[in-house]
Amino acid sequence: MHNILARRASLVKASEIREILKVTENSDIISFAGGLPAPELFPVEEMKTVCQAILAEDGMKALQYSTTEGYKPLREMIAGRMRALSIAAQSEDILITTGSQQGLDLSGKVLLDEGDGVICESPTYLAAINAFKVYSPNFIEIAMDEQGMRMDELETALEHNHRIKCIYTIPDFQNPTGRTMSLERRKKLIELANRFAVMVIEDNPYGELRFSGDRLPPVKSFDTEGRVIYQSTFSKVLTPGIRVGWICAAPEIMQKYVVFKQGTDLHTSTFSQMQVNKFVELFDIEEHVSKIRQVYRRRRDCMLEAIRREFPDYVTYTEPEGGLFLWITLPAVINARDVLLSCLQQKVAFVPGGAFFPNGGHENTLRLNFSNMTEARIVEGIGRMAGILKECKNTAAES
Ligand SMILES: Cc1ncc(COP(=O)(O)O)c(C=O)c1O
């Protein structure tokens with residue numbers, strides 16, 4: 001096997017944590033681990049109507065191959081939604097992708113050579129690290145605070161590293177921390193990208209899931225030089241199983257994405273694309289998203305209240321204004337992987353934070369998801385975790 005596989009195959013390995021977390025598929029586990037939307041909010045009945053309408057009106061088209069760029073009416077609809085966010089997009093600026101995860105994979109292919117610098121938030125989205133890692137880049141992590149990525153550190157990194165290709169950022173309710181980048185920093189980010197001539201990948205799957213405060217304009221809305229590759233998805237506002245996302249970028253770079261996408265899957269499922277478009281045509285997606293927001297807001301509040309009440313006071317946590325996750329920091333002596341093993345014995349799961357740092361470390365952190373469990377299970381799960389955390393500190397202090 002050793003001689004047969006490409007060198008890059010040795011760069012990727014199955015995550016040990018992912019293996020451990022396979023048990024979360026059992027329904028008796030209280031899982032704060034995945035990034036799964038609440039399935040009870042999926043519009044199953046509406047999707048039956050949508051599929052029947054498509055097959056009755058346009059069945060042959062829905063089941064046929066289609067263009068790589070995507071289904072034109074869907075691209076038009078998405079461009080309209082982008083314009084509502086102050087992004088000057090036309091349908092030609094939109095490429096439909098098979099989930100926004102494909103956008104990340106394509107960005108790696110289009111932008112990265114071995115040794116190129118990728119700047120990212122510290123921590124950042126695990127599957128983006130894995131998608132980029134295949135191209136052997138140099139990850140430069142920028143610390144965050146409550147306002148998101150620190151711009152003073154970003155500026156220093158850009159000054160000192162001469163092979164930076166792109167800045168990867170999740171400005172809204174970041175995965176994994178739940179933090180949001182402030183308006184001032186969004187403007188500063190684009191100013192620095194322009195000054196140092198680097199690209200920005202703005203990954204925004206959660207922007208619509210804001211529970212409080214005002215929505216902030218995307219970084220892309222300040223982009224005057226075609227530097228921002230914006231990507232988003234219907235995974236969190238409709239359903240992830242349908243696998244429809246998109247990229248919005250300047251035409252010159254988009255051509256390259258299209259060619260690479262051809263090599264990957266020719267095009268995103270025609271039927272899926274038509275389903276998303278028909279759903280928006282027949283139903284009120286804003287009303288649907290508003291229902292999701294209400295449920296997630298209650299779950300976030302419930303998790304935060306339980307944490308405040310139950311967790312020992314040496315635990316710190318973020319208080320996200322939207323999205324799916326919050327982030328926990330434990331004292332440096334506690335390893336979140338050990339905590340996970342104890343929690344699994346009590347049938348509670350989460351993701352240890354170390355995996356979200358491309359250059360390692362930070363084993364005293366962890367990510368909690370609040371979208372996928374009922375309030376009763378959240379209270380129960382946080383209670384069980386609290387008991388274990390109290391014990392861990394005592395054990396660490398003794399050793
Ligand atoms: C930050 C971020 N980007 C991209 C994705 C991929 O989403 P999808 O491929 O379902 O659109 C996710 C999924 O959780 C995510 O959290």
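Residues numbered from 1 in each chain as written. Predicted model: local features only at pLDDT ≥ 70, side-chain atom pairs only at ≥ 80, totals over all residues. Heavy atoms only, no water.

Structural notes on the UniProt feature "domain: Aminotransferase class I/classII large" (unreviewed entry) in the protein chain
Then comes step 1: Feature annotation in UniProt places "domain: Aminotransferase class I/classII large" (unreviewed entry) on residues 48-382, given in this structure's numbering.
Then comes step 2: Structurally, residues 48-382 is divided into 43% helix and 17% strand, and its ends, taken at the C-alpha atoms, are 37 Å apart. (UniProt positions renumbered as here; feature names shortened; annotations may be inferred. Helix = DSSP H or I, 4+ residues; strand = E, 2+ residues; numbered from the N terminus.)

Quick look at the site of the ligand
Then comes step 1: The immediate surroundings of the ligand are formed by 13 residues, with Ser100, Asp203, Tyr206, Thr233 and Ser235 found nearest.
Then comes step 2: Within the side chain of Asn175, a nitrogen or oxygen atom sits 2.9 Å from an oxygen atom of the ligand.
Then comes step 3: No other element matches the 3 residues that helix H4 (residues 99-111) contributes to the shell around the ligand. (Near = heavy atom within 4 Å. Polar contact = N/O pair within 3.5 Å; in protein donor to acceptor, adjacent residues only side chain to side chain.)

Some thoughts on the sheet that holds strand S11 (residues 325-329)
Then comes step 1: Taken in spatial order, the 4 strands make up an open sheet running S10-S11-S14-S13, and their pairing is antiparallel. The two strands at the open ends of the sheet, each matched to only one other strand, are strand S10 (316-317) and strand S13 (351-352).
Then comes step 2: The pairing of S10 with S11 spans 2 bridges and is classified as antiparallel. If you follow Thr316 over to S11, its bridge partner there is Thr329.
Then comes step 3: Sheet contacts for helix H10 (residues 285-310): S10, S11 and strand S14 (365-369); angle to S11, the most-contacted strand, approximately 15°. (Pairing = 2+ DSSP bridges. Contact = heavy atoms within 4.5 Å. Axes fitted to C-alpha atoms, helices over the stretch in contact; angles between N-to-C directions.)

Comments concerning the sheet that holds strand S8 (residues 228-233)
Then comes step 1: With mixed pairing, the 8 strands of this open sheet are ordered in space as S2-S9-S8-S7-S6-S3-S4-S5. Both edges of this open sheet fall to strand S2 (94-97) and strand S5 (148-149), since each of them pairs with a single strand only.
Then comes step 2: By the bridge criterion, 4 bridges tie strand S6 (residues 164-169) to strand S7 (residues 199-203) in an arrangement that is parallel. From the neighbouring strand, Ile167 faces S7, where its bridge partner is Val200.

A word on the packing of helix H3 (residues 72-83) against helix H9 (residues 270-282)
Then comes step 1: H9 packs onto H3 with a crossing angle of 55° between their chain directions and a minimal axis gap of 9 Å. Taken together, the axes of H3 and H9 are oblique relative to one another. When you trace H3 past H9, the crossing you get is left-handed. Side by side, H3 and H9 meet where Pro73, Leu74 and Met77 of the first sit next to Gln273, Val276, Asn277 and Val280 of the second. (Parallel < 35°, antiparallel > 145°, perpendicular 65-115°, else oblique. Left-handed = near helix turned anticlockwise from the far one by under 90°.)

Structural notes on the domain arrangement of the protein chain
Then comes step 1: We note that the domain assignment places domain 1 (7-43 + 287-398) and domain 2 (60-282) within the protein chain.
Then comes step 2: A C-alpha centroid distance of 25 Å is found between domain 1 and domain 2.
Then comes step 3: Opposite the 32 residues of domain 1 that make contact, domain 2 presents 32 residues.
Then comes step 4: Taking both partners together, domain 1 and domain 2 bury about 2,900 Å²; carbon and sulfur atoms supply 64% of that area.
Then comes step 5: Three residues, Glu321, Phe356 and Pro358, lead the burial of domain 1 against domain 2; their summed loss comes to 21% of the area buried on that side.
Then comes step 6: In this assembly, domain 1 and domain 2 are joined by 1 salt bridge.
Then comes step 7: Elements with a minimum of two residues in the side of domain 1 that touches domain 2: H10 and S11.
Then comes step 8: At 7 residues, H10 tops the list of elements feeding residues into the side of domain 1 that touches domain 2. (Domains from an automatic or database assignment. Buried area = accessible area lost by both parts, 1.4 Å probe. Salt bridge = Lys/Arg side-chain N within 4 Å of Asp/Glu carboxyl O.)

Some remarks on the pattern of salt bridges
Then comes step 1: Scanning all chains against the criterion turns up 29 salt bridges.
Then comes step 2: Here Glu76 makes a salt bridge to Lys72, at a shortest N to O gap of 3.9 Å. Placement of the pair is Glu76 and Lys72 together in helix H3, with a separation of 4 residues, close to one helical turn.
Then comes step 3: The class for Lys72 is partly exposed, based on a relative accessible area of 39%.
Then comes step 4: In this structure, the salt-bridge partner of Asp145 is Arg185, at a minimum N-O distance of 2.8 Å. Of this pair, Asp145 sits in strand S4 (residues 138-145) while Arg185 sits in helix H7 (residues 183-196), and the two are 40 residues apart along the sequence. (Buried < 20%, exposed > 50% of the residue type's maximum accessible area, 1.4 Å probe, protein only.)

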